[in-house]
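Structural overview for review
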Amino acid sequence: MDEDHVLVVEGLNVTRGGAQVIRNASFVVNRNDYVGIVGPNGGGKTTLLLAILGMIPRESGTIKIFNQDIASFRQWQRLAYVPQDAVNFDPNFPITVRELISLGRVNRGNLGRPLKADDWEAVEDSIDFMGLREISDKRMGELSGGQKQRAFIAKALVRGPEILFLDEPIVGVDADTQEKFFQKMSNLNQKRNITILMVSHDLTAVFCRMSRVLCVNRDVYSSPITPTVDPNELLRKAYGEHFHFVYHRHECRGDFKDE
Amino acid sequence: MVTLACAWIGLFLILRKESMIVDGLAHTAFGGIAIGLFFSINPIIPALLISAVAVLAISYLRRKGIAQSDSAIAVMLAIGFSTGLIIISLAGGFNVELFSYLFGSILTINMGDLLTVSLLSVVTIVFLSLFYKELMCISFDERSSRLTGIPVEYLSVAFNLIVALTIVLSIKIIGIILVVALVVLPALTALQLRLSFRKTMLTTVFVGVVGLIMGLIISALYDIATSGVIVFTLVFIFAVSAVYSRL
C-alpha cells in the first residue's frame with residue numbers, strides 16, 4: 001500500500017433505514033489532497049463522511065485511514081471533523097469560545113487529567129488563526145452564525161489533525177466571509193499540509209481551489225481536478241443529464257492558489 | 001459535601017437535559033428503602049442497588065431505542081415506587097422512619113450515616129474533578145465526542161452510577177420528594193448568569209452550599225421543616241438570579 005494514500009475506500013455500501021444511500025463506492029485520497037464532496041441534497045454526502053469516520057455502520061466494503069481499518073482505528077487525534085449541524089447546539093449552554101476550542105484538545109491520552117500549558121498554547125494559536133481573538137471570551141450562544149462556524153473549525157484545528165473533515169462548514173454567510181474562509185482552508189492545505197475533505201455546494205470554489213472532487217449521488221465518482229477535466233461532464237453524473245454548471249476557469253481569481 | 005456533589009451533578013444533568021432522572025431515581029430508591037426497613041438492614045444499601053439498576057436500565061432502554069429518556073424514567077419510577085408501596089402494605093403501614101426518608105431528616109442524622117454519606121460524596125466529587133472536561137465534551141455534543149477517542153459509553157455509565165449514588169445519599173438529608181430541588185436549583189441559578197463553563201461550575205457549587213447552610217440556619221432559628229426551608233432558600237436565590245440577569 002502506498003504511504004501517500006491516507007484514505008482508501010473500496011466497494012463501500014451503506015444502507016440507512018432500508019434504503020441504499022451509498023452504492024459500491026471506491027476511491028482513494030492522497031496525503032495533502034484537498035477534496036470537494038459535491039452532489040444533490042439527499043445524495044449521500046453526509047452519509048459518506050459519517051461512514052468513513054465509522055460513525056454509522058457500513059453494509060460491506062473496506063475503509064482504511066492511514067492504512068488501518070476504521071473499525072479498529074484508534075488514532076483519533078490525527079483526524080478532526082466538523083459536523084453539518086455543529087452550530088445547532090443549545091444556545092444556553094454555558095461555554096465560551098475559548099472553552100469550546102479547548103475541548104478539541106480532549107482525547108484518550110489526557111483522560112482524567114487537566115489540559116496542560118501546551119494545550120492552551122494550541123488553543124490560543126487556533127483562536128488567532130481563525131480570527132476569533134476579540135470574541136474568545138464570549139459565550140458561544142451569543143455569536144453570529146458565521147462566528148460559530150469559525151469557532152467549530154478552530155476546535156477541529158486545535159487538535160493538529162492530519163486530515164480535516166468538514167460537512168458544509170460555511171452556509172448562510174456573506175460572499176466576503178466565504179471567500180476568506182476558502183482562502184484559510186487553502187492556506188491550511190498548502191502551508192500546513194493538512195488533507196481536507198469538504199462537503200460543499202460551492203462548485204466554483206471546489207473547481208477553482210481543490211485538487212480532487214467526489215461526486216456523490218448514491219454512486220460515487222472520484223476525479224482529480226486538472227485543467228483538462230470538464231466539470232460538467234463530472235457533475236452530470238451526480239446531478240443528472242440536464243445539469244449545467246456555468247464555469248470558466250479564468251474566473252478563478254489569481255490569488256486563489258497562493259494566498 | 002453532599003450539596004456540593006448534588007449541585008455539581010445537577011449542572012451536568014441539566015446540560016444533558018436529564019434533570020428528571022433525579023426525581024425518577026429518588027422515587028425508585030423509595031422501593032429500596034422500604035425493602036431495607038422491612039428486612040431491618042441499612043436502607044441505604046438496597047436503595048443504592050435499586051437505583052443503580054434503575055439508572056442502567058434507563059440508559060439501556062434509551063440506547064436500544066425502546067423508550068425515550070422521559071418515558072424510561074417514568075417506568076422505573078413507577079416500578080420502584082410501587083415496590084415500596086407493596087412492601088409497606090406487607091409491613092402494615094408507614095412508620096416514622098420511612099417518613100424521615102420521604103421528607104428528610106438532616107438534623108437527626110447519626111454519626112454512622114454522616115460518615116457513609118460524607119465518604120460517598122467524596123467519591124462523587126473526585127469523579128467529577130477528574131472527568132469534568134470529558135463530561136463537558138459529552139454534554140455539549142455526545143456524537144462528536146466519540147471522535148475524540150474518549151470512552152463515551154463507559155463515562156456515561158459511570159456518570160449515571162455516580163448520579164444514582166449521589167441521589168440516594170442526599171435522600172437521607174433532604175428526602176425523596178425534594179432531592180430534585182437540591183440537584184437542579186443551584187445549577188439552574190448559575191445558568192441564569194450566563195457565565196463561562198468554569199464560572200458556572202463554581203457558582204453552582206457555591207449556590208448549593210450557601211443555600212443549604214442558610215436553609216439550615218433559618219430552619220433552626222424558627223423551628224420549621226428543614227428540607228422545606230432549604231428548598232425555599234434555593235428557590236429564593238434562583239429567583240433573585242433570574243430577575244437580576246434580566247435587569
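Residues numbered from 1 in each chain as written. Chains lettered and ligands numbered in written order. Predicted model: local features only at pLDDT ≥ 70, side-chain atom pairs only at ≥ 80, totals over all residues. Heavy atoms only, no water.

By the naming in an unreviewed UniProt entry, chain A goes by Metal ABC transporter ATP-binding protein and is assigned to Candidatus Methanomethylicus mesodigestus.

A closer look at the pattern of salt bridges
As a working rule, side chains carrying opposite charge can pair if their charged atoms are close by. All names here are of chain A. Enumeration over the complete set of coordinates arrives at 19 salt bridges over all chains. The partner of Arg-23 in a salt bridge is Asp-219, with the nearest N and O atoms 2.9 Å apart. Highlighted residues: Arg-23 in strand 2 (residues 19-30) and Asp-219 in strand 10 (residues 219-224), separated in sequence by 196 residues. Via salt bridges that share partners, Arg-98, Glu-124, Asp-128, Arg-133 and Asp-137 belong to a single interconnected network. (Salt bridge = Lys/Arg side-chain N within 4 Å of Asp/Glu carboxyl O. Helix = DSSP H or I, 4+ residues; strand = E, 2+ residues; numbered from the N terminus.)

Here's the deal with the layout of surface pockets
Size it by volume and the largest pocket reaches roughly 720 Å³. Along its surface, the largest pocket is lined by 28 residues, and Ile-138, Asp-141, Glu-142, Arg-143 and Arg-146 of chain B are the ones closest to its centre. Elements supplying a minimum of two residues to the lining of the largest pocket: helix 3 (44-63), helix 6 (111-140), helix 7 (142-145) and helix 8 (152-174) of chain B. Examining the composition of the lining of the largest pocket, we find that 5 residues originate from one element, helix 8 of chain B, more than from any other. Along the lines of polarity and charge, the residues of the lining of the largest pocket split into 9 nonpolar, 7 polar and 12 charged. The computed volume of the second largest pocket comes to approximately 460 Å³. Lining the second largest pocket are 18 residues, and of these Arg-74 and Trp-76 of chain A together with Arg-146, Gly-149 and Ile-150 of chain B lie nearest its centre. Partitioned by chemical class, the residues of the lining of the second largest pocket number 12 nonpolar, 2 polar and 4 charged. (1 Å grid on protein atoms, 1.4 Å probe; cavity = no way out; pocket = protein on both sides within 12 Å on 5 of 7 lines; lining within 4 Å. Points joined across faces, edges and corners; volume = space filled by probe spheres on them. Nonpolar A, V, L, I, M, F, W, Y, C, P; charged D, E, K, R; others polar.)

Details of the UniProt feature "domain: ABC transporter" (unreviewed entry) in chain A
Sequence positions flagged by UniProt for "domain: ABC transporter" (unreviewed entry) are, in local numbering, residues 7-243 of chain A. End-to-end, the C-alpha atoms of residues 7-243 of chain A are 29 Å apart, and along that stretch the chain is 31% helix and 26% strand. (UniProt positions renumbered as here; feature names shortened; annotations may be inferred.)

Some details on helix 1 (residues 45-52) of chain A
Residues and elements named next belong to chain A. Extensive coverage of helix 1 is indicated by the burial of 7 of its 8 residues. Turning to helix 1, its buried residues number three or more, namely Lys-45, Thr-47, Leu-48, Leu-49, Leu-50, Ala-51 and Ile-52. Looking one or two residues past helix 1, Gly-54 carries a phi angle of roughly 75 degrees, positive in sign. (Buried < 20%, exposed > 50% of the residue type's maximum accessible area, 1.4 Å probe, protein only.)

Some details on empty space enclosed by the protein
Residues and elements named next belong to chain A. Throughout the structure, instances matching the rule amount to 2 cavities of 30 Å³ or more. Elements that contribute at least two residues to the lining of the largest cavity include exactly strand 6 (79-82) and helix 4 (145-157). The leading source of residues in the lining of the largest cavity is strand 6, at 4 residues. The residue inventory of the lining of the largest cavity, partitioned by class, reads 11 nonpolar, 3 polar and 3 charged. Here the second largest cavity is characterised by a volume of approximately 80 Å³. Residue lining of the second largest cavity: Val-82, Pro-83, Gln-84, Ala-86, Val-87, Gln-149, Phe-152, Ile-153, Asp-167, Glu-168, Pro-169 and Val-171, and that is the complete set. With 3 residues, helix 4 is the largest single contributor of residues to the lining of the second largest cavity.

Digging into unusual backbone geometry
Outside of glycine, negative phi angles account for most residues, and trans bonds account for most peptide bonds. Residues and elements named next belong to chain A. The phi torsion at Phe-66 lies on the positive side, around 50 degrees, for a residue other than glycine. Counting through the fold element by element, Phe-66 comes out in the loop between strand 4 (60-65) and strand 5 (68-69). Even without glycine at this site, Asn-193 takes up a positive phi of about 55 degrees. Along the polypeptide, Asn-193 turns up in the loop between helix 5 (175-191) and strand 8 (195-199).

Some thoughts on the sheet that holds strand 8 of chain A
Residue and element names in this part refer to chain A. Spatial strand order, 6-7-8-3-9-10: 6 strands in an open sheet with mixed pairing. Each edge of the open sheet is held by one strand with a lone partner, namely strand 6 and strand 10. With strand direction ignored, the average angle separating the axes of adjacent strands in the sheet is 15 degrees. Alignment of strand 9 (residues 212-217) against strand 10, held across 6 bridges, turns out to be antiparallel. If you follow Arg-212 over to strand 10, its bridge partner there is Pro-224. Lying on the sheet, helix 1 is in contact with strand 3 (34-38), strand 6, strand 7 (163-167), strand 8, strand 9 and strand 10; it crosses strand 7 at an angle near 150 degrees. The strands touched by helix 5 are strand 3, strand 7 and strand 8; relative to strand 8, the strand with the most contacts, the crossing angle is about 150 degrees. (Pairing = 2+ DSSP bridges. Axes fitted to C-alpha atoms, helices over the stretch in contact; angles between N-to-C directions. Contact = heavy atoms within 4.5 Å.)

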